[in-house]
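# Reading the structure
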Amino acid sequence: MPNRPTDPPALATRLAGVTSSIVRDLLALTERPGIISFAGGLPAPELFDVEGTAESFATVLSTGARAALQYSPTEGNATLRAIVADRYTALGLPTRAENIVITTGSQQGLSLLAATLVDPGDAVLVERPSYLAALQALTLAGARLIEVPSNGDGVDLDALAELARRHSARLFYTVPTFHNPTGRTLDAHQRGRIAEIAQQVGFRVIADDPYHELRYSGESLAPMAAFCDSDHVVSTGSFSKILAPGLRLGFVRCDPTIKPGLVVAKQSADLHTSTLDQAAAAHYLATGRLSASLARARCEYGRRRDALLAGLESALPPGSRWTNPDGGMFVWAELPEGWDAAVLLPTAIAHQVAFVPGASFFASAPRANTMRLSFTTYDPETIAEGTRRLGLALAG
Ligand SMILES: Cc1ncc(COP(=O)(O)O)c(C=O)c1O
């Protein structure tokens, strides 16, 4: 008699509670014709420097193809690491190339840091609300997420210190500049105090800063690690928002106590980031074309932010509040208590407009009356039409 098949084993328990990102699921909507989607955080493709990028790929392939198509060191392309270090230094955070590891997007940096710094069951402090895919990476590593309340302008610092002590927290994950999803920026005082609390209580901070250079108004601030005279702040950054996300190029700035572990984690994940993409990016950055392309993006995104903020005035119901970000890609809106953005989404889609319900950005006790709107993808006229549709949808 043939043996009856036995069920295959279940999935790893670390996947319990990790759900697919609603943002990525919603991205499918942006491909439906006619929808104006404020849901995704997509840079504007018409602002990519396609010509400059193509030239750099062509140059790399015509002058050093055999090296560019070969395996390469896990830490990343030496020229690119030096350029990233110089860019940090120019932003006010002196950095050496040996402190940089190139990653496959900064999302990989977050996963590798979670694998390197978190043991299952460790308490990890996160902002409330927080970047969804970081919550996923930390949860996959077994972190016990503890939310730190915000006090309007930023992180509630007393709560941060108290929760860190009470839970013997190992890490605090923050997006200091033009936060995803809220758009808010931690000021110099908050940056300094967070670094001080981390040193006093003895936890590390992951300062995830992919939007740092996308500022459209206000004074620029040094990266968070510049406010710390010790190794308590690890930084992640990205070329996704300033060059092109399809290149999947990010980086981690870390000290020598972390780097060897991070490199082992990266070896096990993908050996190294694409040799060709790194070489082309290093060539592109050396041409100096990024500053003109970035200046253009800042100018255009600033106009798009203003269009969204203006449109929300009449689109959102009385009693709503929303953030007024100095940069980045997102505005966070709070509808009056009792409203539920997830319930409203199908009506919005019927009106050919989309947003992300805010609930998925909370590690616990989601606030249903919140939503995230991205302003970078469309020109101001389309944004105005999108907010008009949103107003119609919310009216009813
Ligand atoms: C706060 C934050 N961190 C990290 C990432 C990951 O970006 P990438 O992997 O493209 O560098 C994103 C992307 O939206 C983000 O918003």
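On a predicted model such as this, the values are computed, not experimentally measured, just so you know.

## Things to note about the overall build of the protein
Helix and strand counts for the protein come out as twelve helices and 13 strands. By the compact-globule yardstick of 21 Å for 396 residues, the protein fits well, its C-alpha radius of gyration being 22 Å. Referenced to the eigenvectors of the C-alpha coordinate spread, the extents of the protein come out at roughly 70 × 60 × 50 Å. Out of the 396 residues in the protein, the part that is buried amounts to 54%. Across the protein, the fraction of contacts at a sequence separation of at least 24, relative to all contacts at a separation of at least 6, is 74%. Carbon and sulfur atoms form 55% of the exposed surface of the protein, whose accessible area is close to 17300 Å². Taken together, the 34 basic and 39 acidic charged side chains of the protein have centroids lying 3 Å from each other.

## Focus on the sheet that holds strand 9 (residues 321-322)
Pairing in this open sheet of four strands is antiparallel, and the strands run 9-10-13-12 from one edge to the other. Unpaired on one side and paired on the other, strand 9 and strand 12 (356-357) mark the two borders of the sheet. As defined by bridge partners, strand 12 adjoins strand 13 (residues 370-374) across two bridges and the pair is classed as antiparallel. Bridge pairing in strand 13 links V356 to R372.

## Quick word on unusual backbone geometry
The linkage connecting R128 with the following residue, P129, adopts the cis geometry, with an omega of 0°. Tracing the backbone shows P129 in the loop between strand 3 (123-127) and helix 5 (132-140). Look at the link from N180 to P181: it is a cis peptide, with omega at 20°. Non-glycine residue S168 carries a positive phi angle of around 45°. In this fold, S168 is placed in the loop between helix 6 (157-166) and strand 5 (171-174).

## Digging into the pattern of salt bridges
All chains considered together, the criterion is met by 21 salt bridges. Here R289 ties to E55 by a salt bridge, and the two come within 3.8 Å at their closest N and O atoms. Taken as a pair, R289 in helix 10 (residues 289-315) and E55 in helix 2 (residues 50-68) lie far apart in primary sequence, 234 residues in all. Between E385 and R389 there is a salt bridge, and its shortest N-O distance comes to 2.9 Å.

## Examining the UniProt feature "domain: Aminotransferase class I/classII large" (unreviewed entry) in the protein
What UniProt calls "domain: Aminotransferase class I/classII large" (unreviewed entry) maps, in this numbering, to residues 66-389. Taken end to end, residues 66-389 has its terminal C-alpha atoms 52 Å apart, with 41% of it in helix and 16% in strand.

## Things to note about the pairing of strand 3
In regular strands, side chains alternate between the two faces of the sheet. Strand 3 sits mainly inside the fold: five of its five residues count as buried. A two-sided burial pattern is seen for strand 3, the buried positions comprising A123, L125 and E127 on one face and V124 and V126 on the other. Pairing analysis gives five bridges linking strand 3 to strand 4 (residues 144-148), with the strands arranged parallel. The residue of strand 4 that forms the bridge with L125 is I146. Taken together, strand 3, helix 5 and strand 4 form a β-α-β motif whose crossover is right-handed. Looking at chain direction, strand 3 and strand 5 are connected through three bridges and run parallel. Residue V126 lies in a different strand from strand 5, and its bridge partner there is Y173.

Procedures and definitions
- Residues numbered from 1 in each chain as written.
- Predicted model: local features only at pLDDT ≥ 70, side-chain atom pairs only at ≥ 80, totals over all residues.
- Heavy atoms only, no water.
- Helix = DSSP H or I, 4+ residues; strand = E, 2+ residues; numbered from the N terminus.
- Rg over C-alpha atoms; globule rule 2.2 N^0.38 Å.
- Buried < 20%, exposed > 50% of the residue type's maximum accessible area, 1.4 Å probe, protein only.
- Contact = heavy atoms within 4.5 Å.
- Areas by Shrake-Rupley, 256 points an atom, 1.4 Å probe, with all protein chains shown as cover.
- Lys, Arg positive; Asp, Glu negative; His and termini not counted.
- Charge placed at Lys NZ, Arg CZ, Asp CG, Glu CD.
- Pairing = 2+ DSSP bridges.
- Salt bridge = Lys/Arg side-chain N within 4 Å of Asp/Glu carboxyl O.
- UniProt positions renumbered as here; feature names shortened; annotations may be inferred.
- Right-handed = clockwise from strand over helix to strand, strands pointing away.

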